[in-house]
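Given next are the chains, with one letter for each unit.
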Amino acid sequence: MSKRQATPARVALNFVLLIGVANLFADLTYEGARSINGQFLASLGGSALVVGFTAGAGELLGYGLRSITGLISDRTGRYWLVTITGYAINMAAVPAMALAGNWPLAAALIIAERTGRAIRKPSTAAMLSHAGHQIGQGWVFGLNEALDQAGATIGPLIMALVLFVKGGYRHGYALLAIPAIVTVATILAARRLFPRPSDLEAGQMLDRPGFGRRYWYYLAAAGCIGAGFADFALIGYHFQKASIVSPSLIPVYYAVAMGAGAIGALALGGLYDINRTRTVLGTFLGAAFFAPLVFLGGPLIALAGMVLWGIGLAGQESLLRSLVASIVDASRRATAFGLFDTGFGIAWFIGSVLMGYLYGISIPALVIFSVLIELIALPLFAFARLSLANE
């Protein structure tokens, strides 16, 4: 294609697609690994406490570091350097698990993988947001999330196949070196082809000091959504303990949720660019009711609940990022994304602990908490819209 034909919108779309492909292979790699991490730790002698602590510490660190790495990206302007460093750590840690001979080393590599993801997330989102000026923020983050979820669907299924053919956990981790290498190569290609993604948004400045009131309303709403969003570890635990489905089908339910999220992200991204308010409110209103279906229903109803769960996850990654990108100046977006993710992660961690506690006392109480806390997010989104006139 000639330079004359390469319109800014086409360039922006190509950039989003290339980053999206990298994220597809990245998600394939680490989501594939996460589907067997717990079992691998147990096989090395790790206790249930070790498995739980490693997963929890990895997620908390993975969200907590984002506020720092986002700030570093904005202060230094080295978005590509931070991004490439994060991807390299993120991808190197997974195949290295094949060489782990004891559970402390394996646990350290799991936490390193989450750390690498934390390093790259805010800077990558900030660079992607520049393309939103050309093709719409909803479409940018919706398309990227769809490719993310596609990888997250394929990875666990590949690991299930490896185990089915009697290939052990180490074979699975070693196999994931292939998509890990493809991920890093794709990111390096993106760096070469699009050295300055900010050019896609050249001359577009928001004349507003700080983040503005809407940002804090959106963060509070995201916190409510995160607190009420049950982690799949708890859902899978419930499926097995309550004999909702056989253990072999639990990964399939997870794959269905990821597939629904991939399709949902594309649809939500397009709808966001048409009508932001209705899309956001409608998505999180519907997704709030995953809990009664998943925790109180039988196999088919629980499957429907997993579809809502997957759509809710897609909304978190596409719609919430689109909202932040639309109200924060480009020079501060990595900081904004990082702080936003940290707040969401802390709320998610607190909510997960509370729901785990409630599960042992009363499943209906867990469901009520989950639904109500997520519904509280809706008026917060409405307040954010009303505050627009005051900014």
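The structure presented is a predicted model; accordingly, all values stated were derived computationally and were not measured.

Overview of the overall build of the protein
- If you tally the helices and strands in the protein, you get 17 helices and zero strands.
- Against the compact-globule benchmark of 21 Å for 391 residues, the protein has a radius of gyration of 20 Å, which places it among compact chains.
- Projected onto the principal axes, the alpha-carbon positions of the protein cover approximately 55 × 45 × 35 Å.
- For the protein, the proportion of its 391 residues judged to be buried stands at 53%.
- When contacts within the protein are restricted to residue pairs at least 6 apart in sequence, those whose partners lie at least 24 apart make up 86%.
- Of the roughly 16,400 Å² of accessible surface on the protein, a fraction of 70% belongs to carbon and sulfur atoms.
- The averaged location of the 17 negative side-chain charges in the protein is 4 Å from the averaged location of its 26 positive side-chain charges.

Section: unusual backbone geometry
- In this model, serine 243 sits at a positive phi of 55°, which is unusual for a non-glycine residue.
- Relative to the assigned elements, serine 243 resides in the loop between helix 10 (232–241) and helix 11 (250–274).
- For serine 243, a relative accessible area of 60% corresponds to the exposed category.

Quick notes on a nonpolar patch on the surface
- Nonpolar side chains collect at one region of the surface, where Leu60, Ile346, Phe349, Ile350 and Val353 lie side by side and expose about 420 Å² of accessible area between them.
- With respect to the helices and strands, isoleucine 350 occurs in helix 15 (residues 333–361).

Quick word on the side chain of glutamate 201
- Looking at the secondary structure, you find glutamate 201 in the loop between helix 8 (177–193) and helix 9 (213–228).
- Under the relative-accessibility criterion, glutamate 201 is labelled buried at 10%.
- Looking at glutamate 201, its side chain comes within polar contact range of the side chain of histidine 130, at 2.8 Å.
- Once you skip the residues sitting within four places of it in the chain, glutamate 201 turns out to touch Ser129, His130, His133, Ala330 and Arg333.

So, helix 5 (residues 103–135)
- Its 33 residues place the ends of helix 5 46 Å apart at the C-alpha level, agreeing with the 48 Å of an ideal helix rising 1.5 Å per residue.
- The largest bend along helix 5 measures about 30° and falls at lysine 121, with the proline proline 122 one to four residues further on.
- The buried fraction of helix 5 is high, at 25 of 33 residues.
- Two or three places before leucine 105, at the start of helix 5, stands the capping residue asparagine 102, its side-chain oxygen 2.9 Å from that residue's backbone nitrogen.
- Positive phi appears at glycine 136, one or two residues downstream of helix 5, with a value of about 100°.

Some points on the nonpolar core
- Grouped together as the largest cluster of nonpolar side chains are 104 residues, with contacts concentrated most on Ile235, Phe239, Phe295, Trp309 and Phe381.
- Counting residues per element, this core draws most heavily on helix 1 (residues 8–43), at twelve residues.
- Once residues lying within four places of it in the same chain are set aside, the contact partners of phenylalanine 239 are Ile244, Val245, Ile250, Tyr253, Val294, Ala302 and Met306.

What counts as what
Residues numbered from 1 in each chain as written. Predicted model: local features only at pLDDT ≥ 70, side-chain atom pairs only at ≥ 80, totals over all residues. Heavy atoms only, no water. Helix = DSSP H or I, 4+ residues; strand = E, 2+ residues; numbered from the N terminus. Rg over C-alpha atoms; globule rule 2.2 N^0.38 Å. Buried < 20%, exposed > 50% of the residue type's maximum accessible area, 1.4 Å probe, protein only. Contact = heavy atoms within 4.5 Å. Areas by Shrake-Rupley, 256 points an atom, 1.4 Å probe, with all protein chains shown as cover. Lys, Arg positive; Asp, Glu negative; His and termini not counted. Charge placed at Lys NZ, Arg CZ, Asp CG, Glu CD. Patch = residues over 30% accessible without salt bridge, like charges linked within 9 Å, V, L, I, M, F, W, Y side chains within 5 Å. Salt bridge = Lys/Arg side-chain N within 4 Å of Asp/Glu carboxyl O. Polar contact = N/O pair within 3.5 Å; in protein donor to acceptor, adjacent residues only side chain to side chain. Expected span 1.5 Å × (residues − 1). Bend = angle between axes of the 7 residues up to and from the residue. Core = buried A, V, L, I, M, F, W, Y, C linked by side-chain atoms within 4.5 Å.

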